[in-house]
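Analysis of the macromolecular model
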Amino acid sequence: QRVVQTTTGPPPNPGTGGSTNHALTATRSTSYVSPWENLAAVNDGFTPTSSADRAHPVYGNWPQQGTQWVQYDWATPVTLRQASVYWFDDNQGIDLPASCQIQYWTGSAWATPPGATACGVAANTFNTVTFTPVTTTRLRLSITSRSGFSTGVLELRALA
């Protein structure tokens, strides 16, 4: 007996609640990445098991301190309603951030999405910022470090 399966498109990304993760098609950039780390880690689709998970490459900006950023760019506009970040913490020079902010490109300036919830800095989980949907070609995560530490990201999702 033959079994036929039909699909109506690609399966949803794991852990995204069935939403499209536009990060997977974005071009990434950053203010700084440590030479031994890998910026490609932020949108490789990996779901970490903890903030210390090094099963895949990680993004870190040691020895930089203060505010750094990670940015996504798309060739055509995407509509987003949330962003989720999973922080990297190596219990050495990279620690959870003091604060963070999600911004989108309005076409002429960076702005906080309307209705944006606070950007969380919790370990061992995706910290999700929800907002009124925006259509944009760029999304930026600004990260402010704790005094004496740098910051890192295991995964940054940009969800429709």
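Note: the structure precedes this text.
Here we summarise the structure given alongside this text. In this numbering scheme, every chain counts its residues from 1 along its sequence in written order. Note on the predicted model: pLDDT of at least 70 is required for a residue's local features to be given, and 80 or more for side-chain atom pairs to be given and counted; whole-chain, interface and lining totals, by contrast, use all residues. Only heavy atoms go into the side-chain values, all of them from the structure, while hydrogens and water stay out.

1. Notes on the overall build of the protein chain
Stated formally: Segments assigned H or I by DSSP are reported as helices when at least four residues long, segments assigned E as strands when at least two residues long, and all are numbered from the N terminus. Buried residues are those whose accessible area, probed at 1.4 Å on protein chains only, stays under 20% of the maximum for their type, while exposed residues exceed 50% and partly exposed ones sit between those limits. In what follows, residue pairs with any heavy atoms lying within 4.5 Å of each other are defined as contacts. In these tables, accessible area is a Shrake-Rupley quantity obtained with a 1.4 Å probe, and a residue counts as shielded only by the protein chains included in the view.
Within the protein chain, the secondary structure is distributed over zero helices and seven strands. Along the protein chain, helices (α) and strands (β) appear in the sequence β-β-β-β-β-β-β when read from the amino end. Every one of the 160 residues in the protein chain was classed for burial, and the buried ones make up 44%. Taking all contacts inside the protein chain whose residues are at least 6 apart in sequence as the whole, residues at least 24 apart take part in 75%. Of the roughly 7,900 Å² that the protein chain leaves accessible, carbon and sulfur atoms contribute 51%.

2. Brief notes about the nonpolar core
Threshold: The criterion is simple. A nonpolar core is a set of buried Ala, Val, Leu, Ile, Met, Phe, Trp, Tyr and Cys residues joined through side-chain atoms within 4.5 Å.
Tyr72, Trp74, Trp87, Leu139, Leu141 and Val153 are the most contacted members of the largest nonpolar core, which has 27 residues in total. If you list the elements that add at least two residues to this core, you get strand S3 (67-87), strand S4 (99-105), strand S6 (126-144) and strand S7 (152-159). Of the residues forming this core, the biggest block, eight residues, is contributed by S3. In contact with Tyr72, not counting residues within four places along its chain, are Ala23, Ala26, Thr27, Arg28, Val42, Asn43, Thr137, Arg138, Leu139, Leu156 and Ala158.

3. A look at the pattern of salt bridges
Spelled out, the test is: Note on definitions: salt bridges are taken to be side-chain nitrogens of Lys or Arg within 4 Å of carboxyl oxygens of Asp or Glu.
Evaluated as defined, the whole model comprises three salt bridges. For Glu37, the salt bridge goes to Arg54, with nearest N and O atoms at 3.0 Å. You can see Glu37 sitting in the loop between strand S1 (27-30) and strand S2 (59-60) and its partner Arg54 sitting in the loop between S1 and S2, a full 17 residues away along the chain.

4. Remarks on the packing of aromatic side chains
Put simply, the rule is: Between the rings of Phe, Tyr and Trp (Trp by its six-membered ring), a pair exists once the centres lie within 6.5 Å; its type follows the angle of the planes, with under 30 degrees stacked, over 60 edge-to-face, and the other angles tilted. Charge over a ring is defined by NZ of Lys or CZ of Arg lying within 6 Å of the ring centre and within 35 degrees of the ring normal.
Summed over all chains, the structure comprises four aromatic pairs. For the pair Trp36 and Trp62, a centre-to-centre distance of 5.9 Å together with 50° between the ring planes defines the contact as tilted. Of this pair, Trp36 sits in the loop between S1 and S2 while Trp62 sits in the loop between S2 and S3, placing them 26 residues apart in sequence. Ring centres 6.1 Å apart and planes at 65° place the aromatic pair Tyr72 and Trp74 in the edge-to-face group. Both residues of the pair, Tyr72 and Trp74, count as buried. Cation over ring: Arg138 sits above Trp105, and NZ or CZ is 4.3 Å from the ring centre. Above the face of the Trp69 ring, Arg140 is positioned so that its terminal group lies 3.9 Å from the ring centre.

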